[in-house]
Amino acid sequence: MALVDSGGQAVAECVVVDARRHGELLAQGIAAVLGDAGVDRRDLGAVVVGLGPGPFTGLRVGIVTAATLGDALCIPAYGICSLDGLGAGERVAMTDARRREIYWARYDTDGTRVSGPHVSKPGDVIEQLRGVPVVGFGAQVHAEALVGLDVRPEPKYPSAPALVERAVALLGSVPEPLVPMYLRRPDAEQPGPPKRVTA
Amino acid sequence: MTGDEPLVLGIETSCDETGVGIVRGTTLLADAIASSVDAHARFGGVVPEVASRAHLEAMVPTVHRALETAGVRLSDLDAIAVTSGPGLVGALLVGVAAAKSYALALDVPLYGVNHLAAHVAVDVLEHGPIPEPCIAMLVSGGHSSLLLVDDVTRALQPLGQTIDDAAGEAFDKVARLLGLGFPGGPVVDRLARDGDAAAIAFPRAKPKGTYDVSFSGLKTAVARWVEAHEGEVPVADVCASFQEAVVDVLTSKALEACRDTGVEHLLIGGGVAANSRLRALAQERCDAAGVRLRVPRPGLCTDNGAMVAALGSRLVAAGVPASAMDLPADSSMPVTEVVNR
Ligand SMILES: Nc1ncnc2c1ncn2[C@@H]1O[C@H](COP(=O)(O)OP(=O)(O)OP(=O)(O)O)[C@@H](O)[C@H]1O
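Throughout, residues of each chain are indexed from 1 in the direction in which the sequence is written. The lettering of chains begins at A and the numbering of ligands begins at 1, in the order of writing. The predicted nature of this model means local features are confined to residues of pLDDT at least 70 and side-chain atom pairs, given and counted, to a pLDDT of 80 or more, with totals for whole chains, interfaces and linings taken over all residues.

## Describing the overall build of chain B
(1) Moving on: When helices and strands are counted, chain B shows 12 helices and 11 strands.
(2) Moving on: Radius of gyration here uses only the C-alpha atoms, and the compact-globule reference equals 2.2 Å multiplied by the residue count raised to the power 0.38. Whereas a compact globule of 341 residues would reach a radius of gyration of roughly 20 Å, chain B reaches 20 Å, a difference of no more than 12%.
(3) Moving on: On the principal axes, the C-alpha backbone points of chain B span a range of 65 × 45 × 30 Å.
(4) Moving on: Counts of 20 or more other C-beta atoms within 10 Å of a residue's own C-beta define buried residues, counts of 12 or fewer define exposed ones, and intermediate counts define partly exposed ones; C-beta atoms are placed from the backbone. Here chain B holds 341 residues, and 58% of them are scored as buried.
(5) Moving on: Residues are treated as contacting if the C-beta atoms built from their backbones sit within 7 Å of each other. Sequence-distant contacts in chain B: of pairs separated by 6 or more residues, those separated by 24 or more amount to 75%. Going along the chain from the N terminus, every DSSP run of H or I of four or more residues is numbered as a helix, and every run of E of two or more is numbered as a strand.

## A look at the interface of chain B and chain A
(1) Moving on: Every contact between the two is made by 35 residues of chain B and, on the other side, 32 residues of chain A.
(2) Moving on: Looking at the side of chain B that touches chain A, the element that brings in the most residues is helix H3 (residues 89-106) of chain B, giving 12 residues.
(3) Moving on: Nonpolar residues are Ala, Val, Leu, Ile, Met, Phe, Trp, Tyr, Cys and Pro. Charged residues are Asp, Glu, Lys and Arg, and all others, Gly as well, are polar. Looking at the side of chain B that touches chain A, its residues break down into 22 nonpolar, 5 polar and 8 charged.

## Description of the site of the ligand
Residues and elements named next belong to chain B.
(1) Moving on: Close to the ligand lie 24 residues, the nearest being Gly141, Gly142, Gly168, Gly185 and Gly271.
(2) Moving on: At the level of elements, helix H6 (167-177) and helix H7 (185-192) are the ones that each hand at least two residues to the shell around the ligand.
(3) Moving on: Along the lines of polarity and charge, the residues of the shell around the ligand split into 6 nonpolar, 14 polar and 4 charged.
(4) Moving on: When we break the shell around the ligand down by domain, the ones giving at least three residues each are domain 1 (7-122 + 304-340) and domain 2 (131-296). Note on definitions: a residue is near a molecule or strand provided its C-beta atom, placed from the backbone, lies within 6 Å of it. Boundary definitions for the domains trace back to an automatic or database domain assignment.

## Notes on the packing of H7 of chain B against helix H9 (residues 235-261) of chain B
All names here are of chain B.
(1) Moving on: Think of each axis as a best-fit line through the C-alpha atoms, taken over the contacting stretch in the case of a helix, with angles from 0 to 180 degrees between the N-to-C directions. Axis separation between H7 and H9 bottoms out at 8 Å; the angle between their running directions is 110°. Between H7 and H9, the angle is such that the two are roughly perpendicular. Across from Val188, Asp189, Leu191 and Ala192 in H7, the residues of H9 making contact are Val235, Ala236, Cys239, Ala240 and Gln243.
(2) Moving on: For the contact of H7 with H9, the residue count by class is 7 nonpolar, 1 polar and 1 charged. Should an angle fall under 35 degrees it is called roughly parallel, over 145 degrees roughly antiparallel, and 65 to 115 degrees roughly perpendicular, with every other angle called oblique.

## Quick look at the nonpolar core
All names here are of chain B.
(1) Moving on: Counting residues in hydrophobic clusters, the biggest one holds 169 residues, and the most contacted among them are Ile80, Ala117 and Ala121.
(2) Moving on: Tallying contributions element by element places H3 first for this core, with 13 residues.
(3) Moving on: Setting aside chain neighbours within four positions, we find Ile80 in contact with Leu9, Ala99, Tyr102, Ala103, Val108 and Leu110. The term nonpolar core refers to a group of buried residues, namely Ala, Val, Leu, Ile, Met, Phe, Trp, Tyr and Cys, whose C-beta atoms join them within 7 Å.

## Side note on the pairing of strand S4 (residues 77-80) of chain A
(1) Moving on: Pairing between two strands requires that DSSP report at least two bridges joining them. Bridge count between strand S3 (residues 47-50) of chain A and S4 of chain A: 4 bridges; the pairing is parallel. The residue of S4 of chain A that forms the bridge with Val49 of chain A is Gly79 of chain A.

## Some remarks on the packing of H6 of chain B against H7 of chain B
Residues and elements named next belong to chain B.
(1) Moving on: Running from amino to carboxyl end, H6 crosses H7 at an angle of 70°, the nearest separation of the two axes being 8 Å. Between H6 and H7, the angle is such that the two are roughly perpendicular. Taking contact as the criterion, the partners of Gly168, Phe171, Asp172, Val174 and Ala175 in H6 are, on H7, Gly185, Val187 and Val188.
(2) Moving on: Looking at the contact of H6 with H7, its residues break down into 5 nonpolar, 2 polar and 1 charged.

## Considerations on unusual backbone geometry
(1) Moving on: Backbone torsion omega between Gly52 of chain A and Pro53 of chain A reads 5°, so that peptide bond is classified as cis.
(2) Moving on: Positionally, Pro53 of chain A belongs in the loop between S3 and helix H2 (56-73).
(3) Moving on: Between Glu132 of chain B and the following residue, Pro133 of chain B, the backbone shows a cis peptide bond with an omega angle of 0°.
(4) Moving on: You can see Pro133 of chain B is positioned in the loop between helix H5 (123-127) and strand S6 (134-139).
(5) Moving on: Non-glycine residue Arg98 of chain A carries a positive phi angle of around 55°.
(6) Moving on: Tracing the backbone shows Arg98 of chain A in the loop between strand S5 (91-96) and strand S6 (102-107).
(7) Moving on: Phi at Asp107 of chain B is positive, roughly 55°, even though this residue is not glycine.
(8) Moving on: Within the secondary structure, Asp107 of chain B sits in the loop between H3 and strand S5 (110-114).

## So, the sheet that holds strand S8 (residues 155-161) of chain B
Residues and elements named next belong to chain B.
(1) Moving on: One open sheet accounts for 5 strands, arranged S8-S7-S6-S9-S10; its pairing is mixed. With partners counted over all chains shown, the strands left at the sheet margins are S8 and strand S10 (292-294), one partner each. For this sheet the average axis-to-axis angle between neighbouring strands, irrespective of direction, equals 25°.
(2) Moving on: Bridging between strand S9 (residues 265-269) and S10 involves 3 bridges; their strand directions are parallel. Across the sheet, His265 pairs through a bridge with Arg292, a residue of S10.
(3) Moving on: This element, H9, spans S6, strand S7 (144-151), S8 and S9 of the sheet and lies at about 160° to S6.
(4) Moving on: Running at roughly 155° to S10, helix H10 (residues 276-289) makes contact with S9 and S10 of the sheet.

In structure tokens form, the structure reads like this:
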């Protein structure tokens with residue numbers, strides 16, 4: 001999470017790369033960032049949140065936190081595709097989707113997203129990704145399946161200041177509803193008929 | 001805040017209902033619910049990811065429905081309470097994150113509370129102060145617990161619980177094998193009214209020397225009986241006989257606990273407390289034993305936000321310290337812990 005002033009300068013930032021503890025640490029991180037910067041929560045002008053794609057639980061914690069913070073402080077909450085905050089300029093931004101899949105999106109030279117976000121098996125999309133710089137930890141996790149691509153070591157993760165930068169253009173507009181980019185359906189099996197208990 | 005009449009908003013997301021309640025002192029002002037039960041029906045049970053997605057969508061709108069009904073503003077609130085466990089962890093996390101964010105933004109204390117304690121505390125809204133000590137029987141799709149309550153703001157002492165299926169789960173499973181859909185409790189209850197509870201002698205596990213109960217053998221016995229039956233299954237009789245076995249076991253154990261502990265009050269809560277036969281038999285047996293029975297109205301028995309707000313309000317009034325901002329969602333929070341710190 002990051003606090004960014006009206007000049008677009010990040011004044012405080014706090015990063016925790018631990019998907020499992022998102023839920024516990026996010027609110028505390030927000031309080032810490034505000035405290036470090038000496039900013040009163042009531043002086044915030046907007047909240048920006050990554051809408052994913054990403055692990056579902058962490059995604060929901062982020063979105064519900066942004067939505068309720070905006071609600072309670074009477075300020076707008078803007079959602080941005082999380083991959084938009086990963087790198088800049090022409091690139092493919094890629095994160096690990098687990099289950100041997102990647103989340104990815106493609107951006108043109110002025111940084112506009114032209115494809116995605118998608119969830120794919122690396123092998124299914126490798127051909128269309130050739131010749132473009134690939135950023136994000138997802139490319140490193142799936143390096144073996146992506147041999148031959150122009151994978152850059154940095155940046156690895158979407159950053160909060162970068163998300164805010166993307167949101168600057170939205171400031172002042174009426175925010176769109178915060179709809180998470182799950183890209184996958186819930187895992188759920190329809191049950192078969194009840195099992196027999198007698199042979 | 002006026003004296004011990006704090007205005008508290010309670011959030012409940014432990015399973016498939018997004019509940020937001022608002023309580024002033026011991027007065028219920030609003031109880032807004034959004035349920036995803038229809039989305040789970042075709043799966044025959046609650047699908048955690050489906051529930052979590054629904055909680056996220058429903059959270060802010062449900063809070064606002066509650067505020068409107070109560071005629072208060074967020075800035076009027078004295079505290080936020082939220083179920084922090086037990087329950088489905090991904091579902092709990094949505095409510096916990098929302099509660100933290102509201103508490104942070106409004107600069108009010110946050111209470112992460114035990115879902116079971118909230119099921120007990122809710123009766124304060126309907127019948128006044130919880131009689132203490134009391135025996136509480138909580139029976140729902142996820143729980144069948146017998147508890148000794150000395151002080152609902154401090155600790156609940158577990159006396160017994162189910163060793164396999166929860167009571168509501170047994171209703172749901174039997175309904176499923178009879179092809180009655182999900183959730184099963186309400187349909188079985190309705191059909192049982194036209195059935196003969198003595199038609200089939202299903203087994204009743206009432207082991208001596210323990211307050212634990214078991215429903216898995218009963219469920220299997222119902223399945224066997226239905227499979228072995230030739231011709232059309234007398235659904236009403238099966239429902240009535242099965243239901244009788246469940247409520248007999250539950251009320252026997254509850255009254256045994258009252259007798260052994262000398263406690264004169266029994267409180268029943270949880271979704272199964274909506275069961276008409278359970279209410280009737282419990283009343284009959286309590287009357288015979290000189291025990292006073294309290295059961296909140298069905299809408300307050302099933303999961304809701306009002307129960308969380310009710311407990312939160314009691315905690316504020318009792319001066320119990322609030323939870324910290326790193327409050328976790330604890331899917332297996334023990335009943336001995338009323339507030340998570
Ligand atoms: N009239 C009834 N008779 C019997 N069982 C009922 C009746 N009404 C509801 N139930 C059962 O209650 C359960 C639902 O309870 P509740 O709303 O408390 O939700 P839950 O998610 O199971 O609760 P918890 O999270 O407290 O375990 C279901 O199993 C349902 O079949």
